[in-house]
Structures are given as C-alpha cells and as structure tokens.
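Residues per chain, in single letters:
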Amino acid sequence: MLYAQLEGSTNVIARLRAAKQLGEEKDKKTIGKLKTALNSDPFYGVRRRASEALPKIRSDGALSALIASMDQADARVRSQVVNDIGKFYHTDARRVAKQVVASEKNPMIARSAFRSLAKYRGADAKQAIAAALKSNTYRDYQAYYGQEAIQVIDDPTLTSDLISGMGGGRCGA
C-alpha cells in the first residue's frame with residue numbers, strides 16, 4: 001500500500017507520509033522505490049523525504065541509492081542527499097564527501113560535505129580540508145567550513161594551514 005501511495009498518489013501529503021514510513025522497512029524493493037521517488041517525484045519535498053528515509057535503512061544498498069542520486073537539479077534536494085550520505089561511515093561516503101568539498105559551488109551543500117569529511121581522520125581527509133582553507137571562494141565559505149571541520153577533527157597539525165589560510169582577511173580575520 002505504501003508503494004502505491006508513494007508512486008501514484010496525487011496527494012503530496014500522502015506521498016510525504018509514504019516516503020517517511022518506508023524508511024522503517026529494510027528490504028531492497030523499498031530502497032528501489034525510495035530511489036525512484038528521490039529521482040523522479042515532481043515535488044522537491046517528496047524527493048527530500050525519500051532521501052531522509054534511506055539512511056534509516058542503514059544498508060550498503062541505501063548508501064548506493066543515495067550516491068546514485070547525487071545529480072539533482074534542485075539544490076535543496078542535492079543538499080539533503082549530501083547530508084544523508086554523510087550519515088554513513090563508509091569509504092564510499094568518504095569519497096563522495098571529498099568530491100563534493102573539491103567541486104561544489106553551493107556553500108550549504110559544501111558545508112554538509114565538510115561536516116561529513118571531518119569524521120574521517122585519514123591523511124586524505126586532512127588534505128581536502130587543508131586545500132579548502134587555501135581556496136578563494138565567494139565570501140571564503142570553503143575556508144570557513146574548513147575551519148569548522150578542523151574543530152571536529154581536533155588535529156593540531158592543521159593549525160599551520162589554518163593560519164596561512166587566514167592571510168588577507170580570510171576566515172574571519
């Protein structure tokens with residue numbers, strides 16, 4: 001019944017409720033239905049709700065569905081997908097976070113990726129954060145969010161990158 005409601009209801013509230021409830025299921029068919037809604041529902045709110053439901057399933061299939069759904073035209077949905085990928089502690093989630101940090105132009109989406117990347121203590125995560133500290137973006141948002149990530153990582157080796165990134169009025173200096 002929830003599948004039919006998610007796929008065929010003309011009532012937006014019914015589709016929103018169906019997506020939320022399907023997050024309590026743990027099977028491959030449900031993941032497929034949520035992925036379809038995430039990529040094709042006409043209302044961005046239903047697409048966001050489908051994204052929110054997938055991390056609740058806590059499976060590799062759910063993560064794969066989110067990663068496959070990264071190409072969203074609506075920034076609100078793309079932001080939700082990046083945020084939900086960040087709820088997984090997985091090598092694929094780490095890879096996606098690094099890609100988003102390196103290429104995303106929308107500051108709020110980049111912030112979600114920085115928060116996700118900060119969970120990882122490896123050299124590659126530190127390098128991505130250090131590179132962001134030295135970037136030159138609109139209002140230096142990447143440097144600011146890199147600063148937030150340093151607080152989460154709590155690694156004193158990034159201090160020199162933080163200080164060099166602050167030159168010229170950067171990072172709130």
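Everything here concerns the structure above.
Residues numbered from 1 in each chain as written. Predicted model: local features only at pLDDT ≥ 70, side-chain atom pairs only at ≥ 80, totals over all residues. Heavy atoms only, no water.

Chemist: Explain unusual backbone geometry to me, using residue names and the numbers behind them.
Modeler: With a phi close to 55°, arginine 58 is a non-glycine residue in the positive phi region. Tracing the sequence through the fold places arginine 58 in the loop between helix H4 (44–57) and helix H5 (60–68). (Helix = DSSP H or I, 4+ residues; strand = E, 2+ residues; numbered from the N terminus.)

Chemist: Hey, could you go over the pattern of salt bridges for me, with residue numbers and the actual values?
Modeler: Inspection of the entire model under this criterion finds 8 salt bridges. The partner of aspartate 41 in a salt bridge is arginine 15, with the nearest N and O atoms 2.8 Å apart. One end of the pair, aspartate 41, is in the loop between helix H3 (28–40) and H4; the other, arginine 15, is in helix H2 (residues 12–22), with 26 residues separating them in the sequence. For aspartate 74, the salt bridge identified is with arginine 76, shortest N-O distance 2.8 Å. Of the residues examined, arginine 76 reaches a relative accessible area of 41% and is grouped as partly exposed. Each member of the salt-bridge network shares a partner with another, and the members are Arg47, Asp74 and Arg76. (Salt bridge = Lys/Arg side-chain N within 4 Å of Asp/Glu carboxyl O. Buried < 20%, exposed > 50% of the residue type's maximum accessible area, 1.4 Å probe, protein only.)

Chemist: How would you sum up the side chain of serine 51? Please name residues and give values.
Modeler: Along the chain, the position of serine 51 falls in helix H4. We classify serine 51 as buried; its relative accessible area is 0%. Among the polar contacts listed, one links the side chain of serine 51 to the side chain of aspartate 84, at a separation of 2.6 Å. Setting aside anything within four residues of it in sequence, one finds serine 51 in contact with Leu38, Leu66, Gln80, Val81 and Asp84. (Polar contact = N/O pair within 3.5 Å; in protein donor to acceptor, adjacent residues only side chain to side chain. Contact = heavy atoms within 4.5 Å.)

Chemist: Give a description of the nonpolar core that names residues and reports values.
Modeler: Judged by nonpolar contacts, the single largest core of 45 residues is most densely connected at Leu6, Leu34, Leu54 and Leu117. The element contributing the most residues to this core is helix H9 (residues 123–133), with 6 residues. What leucine 34 contacts, discounting residues up to four positions off in sequence, is Leu6, Ala19, Leu22, Ala50, Ala53, Leu54 and Ile57. (Core = buried A, V, L, I, M, F, W, Y, C linked by side-chain atoms within 4.5 Å.)

Chemist: Go over the packing of H2 against H4 with me, naming the residues and quoting the values.
Modeler: Running from N to C, H2 and H4 cross one another at 10°; their axes reach a closest spacing of 7 Å. Our classification of the angle between H2 and H4 gives roughly parallel. Note that H2 runs across H4; the crossing there is right-handed. Contacts from Val12, Arg15, Leu16, Ala19, Lys20 and Leu22 in H2 reach Gly45, Val46, Arg49, Ala50, Ala53 and Ile57 in H4. (Axes fitted to C-alpha atoms, helices over the stretch in contact; angles between N-to-C directions. Parallel < 35°, antiparallel > 145°, perpendicular 65-115°, else oblique. Left-handed = near helix turned anticlockwise from the far one by under 90°.)

Chemist: Quick one: what's the story with the environment of glutamate 148, residue by residue and with numbers?
Modeler: In this structure, glutamate 148 sits in helix H10 (residues 141–153). Exposure remark for glutamate 148: the relative accessible area of 17% places this residue in the buried category. Measuring from C-alpha to C-alpha, the distance between glutamate 148 and arginine 111 comes to 8.9 Å, with 37 residues separating the pair along the chain. Setting aside its immediate chain neighbours within four residues, glutamate 148 contacts Arg111 and Arg115.

Chemist: Can you tell me about the environment of valine 77, naming the residues and giving the values?
Modeler: For valine 77, the location among the structural elements is in helix H6 (residues 75–85). On the accessibility criterion, valine 77 (0% relative accessible area) is buried. Between the C-alpha atoms of valine 77 and asparagine 39, which are 38 residues apart in sequence, the distance is 9.6 Å. Here valine 77 is in contact with Leu38, Tyr44, Arg47, Arg48 and Gln72, once residues within four sequence places are set aside.

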